[in-house]
Structure formats: structure tokens, C-alpha cells
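Summary of the model geometry
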There are 2 protein chains.
Amino acid sequence: MSKKPVAARQTQPSLRHVAARANVSVMTVSNVINGRMARVGKEVAERVRAAIDELGYRPQRSGRSLRLKREFALGLTVMHPDRRFLDDPYITQVAAGMSNHLATIGYGLMVNGLQDREALAAFVGRSTGYDGFAVMVSGGRDERLSTYRTLAQLNVPMLIVQDLPPEDLPAASSVRQDDRGGAAALTEELLRLDVRRLLCVMPRQIWPGTEQRAAGIADATRARIAEGQLVVDYLTSHEEDFETSVEEIAQRLSQGPAPDAIMGGNDQLGLAAIQACTRCGFAVPRDIMVTGFNAFWFRKFSTPVLSSVTSPAYEIGLEAARMLVRTIDGEEPGGQHKLLPVHPAAGGSIRPAAEPKFGIRDGEATAAAGEGHSSGCR
Amino acid sequence: MSKKPVAARQTQPSLRHVAARANVSVMTVSNVINGRMARVGKEVAERVRAAIDELGYRPQRSGRSLRLKREFALGLTVMHPDRRFLDDPYITQVAAGMSNHLATIGYGLMVNGLQDREALAAFVGRSTGYDGFAVMVSGGRDERLSTYRTLAQLNVPMLIVQDLPPEDLPAASSVRQDDRGGAAALTEELLRLDVRRLLCVMPRQIWPGTEQRAAGIADATRARIAEGQLVVDYLTSHEEDFETSVEEIAQRLSQGPAPDAIMGGNDQLGLAAIQACTRCGFAVPRDIMVTGFNAFWFRKFSTPVLSSVTSPAYEIGLEAARMLVRTIDGEEPGGQHKLLPVHPAAGGSIRPAAEPKFGIRDGEATAAAGEGHSSGCR
DNA sequence: CTGTTAGCGCATTCAA
DNA sequence: TTGAATGCGCTAACAG
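A brief structural summary. (Residues numbered from 1 in each chain as written. Chains lettered and ligands numbered in written order. Predicted model: local features only at pLDDT ≥ 70, side-chain atom pairs only at ≥ 80, totals over all residues. Heavy atoms only, no water.)

With that settled, the discussion passes to the state of the cysteines. Note on terminology: a disulfide is the covalent bond linking the sulfur atoms of two cysteines. Under the criterion given, the structure shown has 0 disulfides over all chains. Its sulfur unpaired, A:Cys200 is 14 Å from the next cysteine sulfur, which belongs to A:Cys277. Here B:Cys280 is not disulfide-linked; the sulfur of B:Cys277 is the nearest cysteine sulfur, at 7.4 Å. The class for B:Cys280 is partly exposed, based on a relative accessible area of 31%. (Disulfide = S-S within 2.5 Å. Buried < 20%, exposed > 50% of the residue type's maximum accessible area, 1.4 Å probe, protein only.)

The next subject is the environment of A:Val48. All names here are of chain A. Mapped onto the elements of the fold, Val-48 is located in helix 3 (residues 42–55). Taking C-alpha positions, Val-48 is 8.2 Å from Arg-21, a pair spaced 27 residues apart along the chain. Excluding anything up to four places from it in sequence, Val-48 contacts Val-18, Ala-22, Val-24, Thr-28, Val-29 and Val-32. (Helix = DSSP H or I, 4+ residues; strand = E, 2+ residues; numbered from the N terminus. Contact = heavy atoms within 4.5 Å.)

Attention now moves to the interface of chain A and chain B. Of the residues lining the interface, 66 residues belong to chain A; the matching set on chain B comes to 66 residues. Together chain A and chain B conceal approximately 5,400 Å² of surface at their shared face, both sides included; 52% is due to carbon and sulfur atoms. Its largest share of buried area at the contact with chain B, chain A owes to A:Arg58, A:Arg61 and A:Phe301, together 14% of the area lost on that side. A:Arg61 is the salt-bridge partner of B:Glu71, the closest N and O atoms lying 3.3 Å from each other. Run the count over chain A and chain B and you get 30 residue pairs in polar contact (both at pLDDT 80 or more). For the side of chain A that touches chain B, the elements supplying multiple residues, two or more each, are helix 4 (61–68), helix 5 (89–104), strand 2 (108–114), helix 6 (117–126), helix 10 (242–255), helix 11 (267–279) and helix 12 (313–328) of chain A. With 8 residues, the top contributor of residues to the side of chain A that touches chain B is helix 5 of chain A. (Buried area = accessible area lost by both parts, 1.4 Å probe. Salt bridge = Lys/Arg side-chain N within 4 Å of Asp/Glu carboxyl O. Polar contact = N/O pair within 3.5 Å; in protein donor to acceptor, adjacent residues only side chain to side chain.)

What follows is about the pattern of salt bridges. All names here are of chain A. Within this structure, the stated rule accounts for 38 salt bridges over all chains. For Glu-189, the salt bridge identified is with Arg-192, shortest N-O distance 2.2 Å. Of this pair, Glu-189 and Arg-192 both sit in helix 8 (residues 179–192), 3 residues apart, which is roughly one turn of that helix.

So, on to helix 8 (residues 179–192) of chain B. Residue and element names in this part refer to chain B. Over its 14 residues, helix 8 extends 20 Å from the first C-alpha to the last, a length consistent with the 20 Å expected when each residue adds 1.5 Å. Of all 14 residues making up helix 8, 10 are buried, and the element is well covered by its neighbours. Those residues of helix 8 that are buried lie in contact with strand 5 (173–177), strand 6 (197–203), helix 9 (208–226), strand 8 (261–264), strand 9 (289–291) and strand 10 (308–310). Among the residues trailing helix 8, Asp-194 stands out with phi positive, at a value near 65°. (Expected span 1.5 Å × (residues − 1).)

Okay, structure coming up:
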């Protein structure tokens, strides 16, 4: 029996209400809820559960958080100039992976888009409410590092997606996909098909991943370029405005000597390249081969289906959530770095002979190779 | 001077630490932080601000939440069988709209995907931590209503996106786009172009919006069907597997008499229809006209660009957040219902003459009509 | 203008 | 096995 009368409340019932109703102390109710059945008699537990049901009681996060110094939530912070920051399949897959993993352990995911440094400052000044967060930042490396340093002031575990932290943030973890290796492997595959002139179309809006892909292409082409066996051209294009991309690529195609292959820095640009080829009268893949990167669902919207590289974005989200939670739980220090492999995504925009030889995983590549073939425009 | 010594803590500084450092009481610090400058001397405020900066203090949400009975966060709950629930442009735009509005008022957005009723039950049993939530549910109407009823047990303001609540939930609000009217207008436009046989391709996975679009098509065709001037066929197709959709539509095209137009229940299916037409040797829009719905960015990936209807999904997110917050603040009761207009999104997959006459907004439609024309495959 | 008191809901600690 | 006391960080209400 509680001495203090329970104040009349319009709001949610609390432990006290349940305790009063079940004629037990609040601690007993707390123990029942948290499954500490060793400390509660069976009959009492039943009574408590009945009271919980009758009152529709659900534990209130804020009290629990205050007591345990745990928010039971992670953040996903995206620094990107477009206000529709979420409208990017990469980000949504990471978010879905995080959210789904967190749901299994009773955590929530808070998403935040920061359009500029001003929003970043406001965010850092205000934000609490999670135990750790993952961050995805667009822009050049220096800009990104500065953003990471600012975010580190939040003073909770931070995990960087698709990028490495600067050395002065040893506590920051990271999860990346092997963009560099994947791009190199893809490039080598094209080179094996006698590509002598290659056009790389990179997005104007830089992300860490696209930087790495450019590096991978450079890795794979350096020797041949030196030998004079290969010419690599670059074109920077808006990925946001598809039609503009198509025109920019088409214009380039109509100017100089035609490339044997076009590598898009992502799938959007790969699709734009296919359209540009078609528009200029080149057949894909016969005259020009085309590749994308990430193998998102919309790569199938082209004819032929865009050959690409499968991104484990969803798995990155899962892993990011797992790593952060382990660090928060003190099971693992910060500063961990994971690199997930990428796999070839067969399509019809590379000449078929190439597909089975791509990458390490012969079996999978062969199995997947059939995937795109039925969609040819015959 | 605080009597109780401030315990040594590894964690974040609290008001007490700041107060001790600035030699003031906690309330003064609180007042400074909350901008109640009328109650604080100018010099003292400066000293407090200095202490805040030196300690890197940020207010802790849980204490504030506990005291004020406010979580300063909204939820976005998506009930959909695919674990990659976020991988849908409609949902991401709603989420971005909500998140961006909430950021301006210091609120957070928590996203949740529920794959099945089991996850739903777990969610309802556990979830606290927001002051209200928006919900997007796929499936048939009865299923959806049952989901809304279950979610209503959370006992915080609920706003349904793209659907109306059942009558026994008068407190639930909603925001929708005018799918029915938009689909009807689009259909009428096609009928004006002498369509005598129409094929509607609807997704297998139902959402409230697709249901409404089907209703709109029925509205617009009923009379002509009765007069024997029009035949409408229906095809249900997976939108998830693009290649399968293309094949299903192509098969239908090769079976019976060819339709004059194909209406896709969404943009994915519209794109699939264009590919199916091409594959079967029909020119779009000359032989068969094709439409989609929502006008998401990827509609431009086809040649010709898919004619569609612009969805205000982002604005729906903004409005959802605004309405929920107003209800939470007690400025407005629940049970409000908003319907946002849709607009034609000109493309090349309807014969050009049609575009300017579409819908109400002649000026806008005419202006937009040029948009798609340059991308024809000429 | 500034300080004191009290209590939000919960779980750890200790006592019965 | 159960209960009572305590305090996490914060702010409304009131006292000085």
C-alpha cells in the first residue's frame, strides 16, 4: 500500500499504479517486467501481470533512461546538401539494416539529415538522446574529416559508414564496402575484353565510396596507361538530373573517339551512359560496354540490364548497429574497422564472356550470370 | 555553492556541474539554457555560458523528458512484409519530410519497420519514447484497419499516411494525396485520346494509394464501359521483380487484342509496361500509351520518359509532422484529415497532344510538358 | 534577480 | 521473497 496517494493522471500509468493495483511494491513490478522471476513469487507475478494488462501499462523510456543512463536508441546522421537526404537507396538500405537489427534488441533508430554546417552545429549543440550513432557524409575528404571532428564532440560512440576516421579520432569505428577492390576487379574484367579507351563518369556530388571507386579504377589502369595501351578519360556529371547526365555523356561520345567501355561511378550514371550510347547509335554492349556500381534494384530498368557490383549496404547497416551496440555495452572498444566484400552483379551491358571470370567467387558469378540475359530486347 | 559534493563522473556533465562551476544554482543554468533571460542577470548569464562551453555541457534528454512528460520525438512506423521497408521512394520522401520539419523544432524521428503481426505486437508491447507517430501500412483495407486498431493502443496521437482510419478511431488523423482524383484525371486524359481498350497493371502488394488509384480509374471508365465504348483489362503483377513484371505484361500483350494504353499502378509498373511494349514490337506512345504514378526520379530512366502523376510525398511528411506536433501541443484535436492535390508529370509515353489538357492547372502542365520531350530516342 | 524544494518513473542497494 | 530508501537530470512553483 503506497502511503502517498497516487495523483490523478491523464497520462500513461506508471509502475506505481501497477503496484497499487496489484498490492505489491514498485520493485516487485519492476522485477516482473524485467523478467527477474527469481525474485518474485509465482502467484504475485501473476497478479502483477494481470494488473499490467488491465492498466495497459508500458514502461516509460525516460525514467528508465534516466536511471540507467541509457537512451536505448542509436542515431543515423546524414550530412548531404539535398534536403531529401533519405532519397538515396544506399542510405535507405543502411537505415533499414540498422533499424531492423536494433528492433531485435529493443532499441530505436533516429534519423537526421544535415544540409549544411549550420545545421551540423545546431545538431551538435542540441542533440542527445542516443547512445551512439552512425554517420554518412558526402563531400571531399577534408570536408568530411572536419564533419567527423565536429560530430565527435557529441562524445558518444561514433561509427563512420563508408569512410575512415582521421587519425586524431581513434575512438571512431567504421564499416565500409570494398569499393576500391571492387572497382579494380571490374576494371580488370573490362581490360581483359580488350578495352583500349575507357570513359569514367563520376558524380559531381562526391561520397567516400565514389572516391574509392575512382582509386580502384586508377589502380587497375595505371600500368596499361604507362605502357600506352590504354587511354582513360574522365567526365564529371550531375547524377541528380538524369537527363542532363545523358546529354553530357552523349556530347562527349559525339566529340572525340568513342570509348570501348564506360564505367559509371554508380548505377544512375551507368544507366545514363546506356541511354547516351543508344542515343548516339552505339549498341550496348557490342560497340560500347557499360558498368554501374551498387547494383540497386533500378539497374534492371535498362535494356540491357546494367552490369554492376553488388553493394552490401543493408549488411553494412546491420554491422554498424551491432558494432555500436557492442561498444556501448563495453564489450568492445571503439576504433574497430570493418571492410565488407562486394560481388559482381551480372547484367547485359558487358559482353557475356566476361561475366564468369569476374572477381573471386566463380560459382556465384556463374549462377548470377543468367539473371540479366533474358531481358535483352529481342 | 552546492552543499552536496558533485560526484566524480565519467559521463556527461549535468546541470549541477555547470552550476557548481559558474557558482550559481541549477535553476539559473536551466533558465539560461532555455533562454529565459528575463530571470537571469546579464553578467551571470555570461558566466554560465562560459561554464557550459568549458564543460561541453549539453542538456540530457531523459531528465527533461521525465520532468516534462515529453519525449521530443515522433515515430514513423511502416508495416510492410519486406525487411527493406525503407527501400521505397514513397516512404523515404515521407520520412525526409518529417525529419526535416522536426529538426527545426528540436524533435527527432524514430523509424520502425514491422514485417508481420508478430513484430507489430512486440512493438506495441514495448514501444514508448515518442509523443506521437505516423504510420504507413500495406495490405488490404481490413488488414490495415486491424493494424491501426492495434497501434492505437499505444495511446499517443497517431496519424495515418495515405489512408483513413476506421470510424472507431476518431482520434486518429490522416494525410493523403488525391490518388483517386489524380488517377481519374489521368484516365480521362487517355480516354480523350480515343483509348478503346485499356490495360491496368496493379501491384500485387497493395498499399492504400494503389487501391485509390484503381478506384479512380473505375470512376473515370464506368460510363464508357457501360456504353460499350471501352474495355478495361486488369493484370496484377509483382512490382518487386521488375523482369517478372515485364514478362507478365509482355505475355498479356501477345495473347489478346492489344490495348491502346497501359496504366501502371505506380512508376515501376509503368516502366515495366514500356519495356514490355518495346519487347513485343509496339512503339510507345504511338501504338500504345503508358502511364505510371508518383513521378519518382527513376521514371526518367525509360525512353520515352514515363508520363506520370507527381506525388507530394515529401510534403505529406512535412504536414504529418506539423499536424502531429500541433495535436501533441494541444493546439488542435486529433481526427484531422488532409488531402493534398497531385499534379500531372509530363513525359513522352502519352501522345503529346494530351499533356496540356491534363488536370486543372493548365499553366503548370503546359510549362512542364516540355520536360520529357528532349529525351526521345531520336 | 536568484535559490530551494519537490517530484516526474525507474532500478540499484540494502534492509526486513 | 518482498519492501523502502535513494537518486539519476531536469524544471514548475514558490520563497527569498
